[in-house]
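# Close look at the chain arrangement
Listed here are the chains, written in short residue letters.
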Amino acid sequence: QLQLVESGGGLVRPGGSLRLSCVAAEFTLAGRTVAWFRQAPGKKREGISCIDQSGGITNYADFAKGRFTISRDGAQTVAYLQMNNLQPDDTAIYYCAAGAWDGDGLGPSGYDHWGQGTQVTVSS
């Protein structure tokens, strides 16, 4: 089964940046849409961004536009989420998911593989 492993989370000050990585263990991400989600304490999991299998089509949640950038490497082994100007409200566990693009790509349906998540904490 395709396993996803996230990395790159940590503690950052407001205004700082982080780049998250999502690696497919033992398989590639080829042929799959990849998305990033997050879940803050006491809140529902929300979609951040997604990128199609070619890397040519992306979509972002409104809160991510202009601050976050999703990408994937040409070898189809890693996907990234570059996050800039992070704020305390961005504190959450961040997950990557892989599967099929469904609807706007920012909902959980269509994604059948999920990582365990990486903690992002934004605090001064």
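Refer to the structure printed above.
First things first, this report covers the structure right here in the doc.

Definitions and limits used
- Residues numbered from 1 in each chain as written.
- Predicted model: local features only at pLDDT ≥ 70, side-chain atom pairs only at ≥ 80, totals over all residues.
- Heavy atoms only, no water.
- Helix = DSSP H or I, 4+ residues; strand = E, 2+ residues; numbered from the N terminus.
- Disulfide = S-S within 2.5 Å.
- Buried < 20%, exposed > 50% of the residue type's maximum accessible area, 1.4 Å probe, protein only.
- Phe/Tyr/Trp six-rings, centres within 6.5 Å; stacked < 30°, edge-to-face > 60°.
- Lys NZ or Arg CZ within 6 Å of the ring centre and 35° of its normal.
- Pairing = 2+ DSSP bridges.
- Axes fitted to C-alpha atoms, helices over the stretch in contact; angles between N-to-C directions.

### Observations concerning unusual backbone geometry
Positive phi, close to 50°, is recorded for Asn 85, a residue that is not glycine. If you trace the backbone, Asn 85 turns up in the loop between strand 8 (78-83) and strand 9 (92-99).

### Some points on the state of the cysteines
The tally for this structure, following the rule as stated, stands at one disulfide. In this model, Cys 22 is linked to Cys 96 through a disulfide, with the two sulfur atoms separated by 2.2 Å. Taking the torsion about the sulfur-sulfur bond, which here is approximately 65°, the covalent link between Cys 22 and Cys 96 counts as right-handed. On the criterion of sequence distance, the pair formed by Cys 22 in strand 3 (residues 18-25) and Cys 96 in strand 9 is long-range, its members being 74 residues apart. Residue classification places Cys 96 among the buried positions, given a relative accessible area of 0%. Here Cys 50 stays unpaired: no disulfide links it, and the sulfur of Cys 96, its closest cysteine neighbor, is 13 Å away.

### Considering the packing of aromatic side chains
Following the criterion strictly, the structure yields four aromatic pairs and no others. For the ring pair Phe 63 and Phe 68, a centre distance of 6.4 Å and an interplane angle of 85° mean the geometry is edge-to-face. Looking at Phe 63, the relative accessible area reads 24%, which means it is partly exposed. Given the relative accessible area of 3%, Phe 68 is considered buried. Note on Tyr 111 and Trp 114: the rings are 6.5 Å apart at their centroids and 80° apart in plane angle, and the pair reads as edge-to-face. Aromatic ring contacts, followed pair by pair, group Phe 37, Tyr 111 and Trp 114 into a single cluster. Geometry around Tyr 95 places Arg 45 over its ring, the cationic atom sitting 3.9 Å from the centre.

### Brief notes about the sheet that holds strand 8
Taking strand neighbours across the sheet as the criterion, the four strands line up as 1-3-8-7 in an open arrangement whose pairing is antiparallel. Both outer strands of the open sheet, strand 1 (3-7) and strand 7 (68-72), are each paired with one neighbouring strand and no more. Strand-to-strand twist in this sheet, taken as the mean axis angle between neighbours without regard to direction, amounts to 15°. As judged from the five bridges shared by strand 1 and strand 3, these two strands associate in the antiparallel manner. Looking across to strand 3, one finds that Leu 4 is bridged to Ala 24.

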